[in-house]
Amino acid sequence: SAVISQKPSRDICQRGTSLTIQCQVDSQVTMMFWYRQQPGQSLTLIATANQGSEATYESGFVIDKFPISRPNLTFSTLTVSNMSPEDSSIYLCSVSGNTEAFFGQGTRLTVV
Amino acid sequence: AQTVTQSQPEMSVQEAETVTLSCTYDTSESNYYLFWYKQPPSRQMILVIRQEAYKQQNATENRFSVNFQKAAKSFSLKISDSQLGDTAMYFCAFMSRSWEASEKLVFGKGTKLTVNP
């Protein structure tokens, strides 16, 4: 199993600013995933973060808007840049074990 | 690309009764996992049950069981003796186990389950 610590748990931000979300795992993992969950919706994958290489972004998500860092095998950050109210969502960090995925507790972001 | 479909946006059940949540999926792969995750208001994603595609036997975890129909690509969740704490969003999810897969999850849209006293 894996224990994931994600912070902040929530934040209220002004439009046009940026927020960096941190994700710390208690074991070394190859891939870390960042998901977005818009209000009342399901989880959508933003990108896959591998240590030592550029993140792989899903269709509809771009690096300029969601830059990701992966400095080592236990840590990653997701930045939501130049925020607008449409970015108000829950952002979740995840890692996969052999037989299941583990999630952080999520960051609830409100952009005003 | 894989898709996961949950056709029931909301369901309700009386405490102690049984409820079944539906999920269908589409894939051309033969090696994969299917999951049901629960998300209570706390936002934490909690694994309810897992099914490996190559296992014919349906998975069971206490009050939770699945009906896995591989040919029909159907994966329903049955909750027996429903409890108030089962109230949550339930997501069906797919994970490829092919050698080139990234282990990412593909989620359905979710079913909001309310257990009434």
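Residues numbered from 1 in each chain as written. Chains lettered and ligands numbered in written order. Predicted model: local features only at pLDDT ≥ 70, side-chain atom pairs only at ≥ 80, totals over all residues. Heavy atoms only, no water.

Scanning chain B for helices and strands turns up zero helices and twelve strands. Going residue by residue from the N terminus, the α and β elements of chain B occur as β-β-β-β-β-β-β-β-β-β-β-β. Here chain B has a C-alpha radius of gyration of 14 Å; the compact-globule value for 117 residues is 13 Å, and the two agree. Expressed along its principal axes, the backbone C-alpha trace of chain B runs to roughly 45 × 30 × 20 Å. Counting all 117 residues of chain B, 46% fall into the buried class. Here the analysis covers contacts within chain B between residues at least 6 apart in sequence; of these, 55% occur between residues at least 24 apart. When the accessible surface of chain B is totalled, it reaches about 5,900 Å², and 46% of it is carbon and sulfur. Here chain B carries 12 positive and 11 negative side-chain charges, and the mean point of each set is 3 Å from the other. (Helix = DSSP H or I, 4+ residues; strand = E, 2+ residues; numbered from the N terminus. Rg over C-alpha atoms; globule rule 2.2 N^0.38 Å. Buried < 20%, exposed > 50% of the residue type's maximum accessible area, 1.4 Å probe, protein only. Contact = heavy atoms within 4.5 Å. Areas by Shrake-Rupley, 256 points an atom, 1.4 Å probe, with all protein chains shown as cover. Lys, Arg positive; Asp, Glu negative; His and termini not counted. Charge placed at Lys NZ, Arg CZ, Asp CG, Glu CD.)

Before going further, it helps to examine the side chain of Ser94 of chain A. Residue and element names in this part refer to chain A. As for its placement among the helices and strands, Ser94 is situated in strand β9 (residues 89-96). For Ser94, the side chain forms a polar contact with the main-chain oxygen of Phe102, separated by 3.0 Å. Excluding residues within four positions of it along the chain, Ser94 makes contact with Ile4, Met31, Met32, Phe33, Tyr35, Ala101, Phe102 and Phe103. (Polar contact = N/O pair within 3.5 Å; in protein donor to acceptor, adjacent residues only side chain to side chain.)

Let us look at the pattern of salt bridges. Residue and element names in this part refer to chain B. This structure, assessed with the given rule, holds six salt bridges over all chains. A salt bridge links Lys73 to Asp26, with the shortest nitrogen-to-oxygen separation between them at 3.6 Å. Here Lys73, found in the loop between β8 (64-69) and β9 (74-79), pairs with Asp26, found in strand β4 (residues 24-26); they are 47 residues apart in sequence, far enough to count as distant. With a relative accessible area of 26%, Lys73 lands in the partly exposed category. (Salt bridge = Lys/Arg side-chain N within 4 Å of Asp/Glu carboxyl O.)

The next thing to look at is the layout of surface pockets. Reported here for the largest pocket is a volume of approximately 850 Å³. Around the largest pocket sit 38 residues that line it, and Gln37, Gln38, Gln41, Ser42 and Leu43 of chain A are the ones nearest its centre. The set of elements that each furnish at least two residues to the lining of the largest pocket consists of β5 (43-50), β9 and β11 (107-111) of chain A together with β10 (88-96), β11 (105-107) and β12 (111-116) of chain B. (1 Å grid on protein atoms, 1.4 Å probe; cavity = no way out; pocket = protein on both sides within 12 Å on 5 of 7 lines; lining within 4 Å. Points joined across faces, edges and corners; volume = space filled by probe spheres on them.)

As enumerated under the stated definition, the model contains two disulfides over all chains in all. Bridging Cys23 of chain A to Cys93 of chain A, the disulfide has an S-S length of 1.9 Å. Residues Cys23 of chain A and Cys93 of chain A share a disulfide whose torsion about the S-S bond is about -65°; that sign makes it left-handed. Placement of Cys23 of chain A in strand β3 (residues 19-25) and of Cys93 of chain A in strand β9 is noted, with a sequence separation of 70 residues between them. Here Cys23 of chain B engages in a disulfide with Cys92 of chain B; their sulfurs sit 2.0 Å apart. In this structure, the disulfide formed by Cys23 of chain B and Cys92 of chain B twists by about -70° around the S-S bond and is classed as left-handed. You can see Cys23 of chain B sitting in the loop between β3 (19-21) and β4 and its partner Cys92 of chain B sitting in strand β10, a full 69 residues away along the chain. Here Cys23 of chain B falls in the buried class, since its relative accessible area comes to 1%. As a non-bridged cysteine, Cys13 of chain A has Cys23 of chain A as the owner of its nearest cysteine sulfur, 18 Å distant. Judged by relative accessible area, which is 9%, Cys13 of chain A ranks as buried. (Disulfide = S-S within 2.5 Å.)

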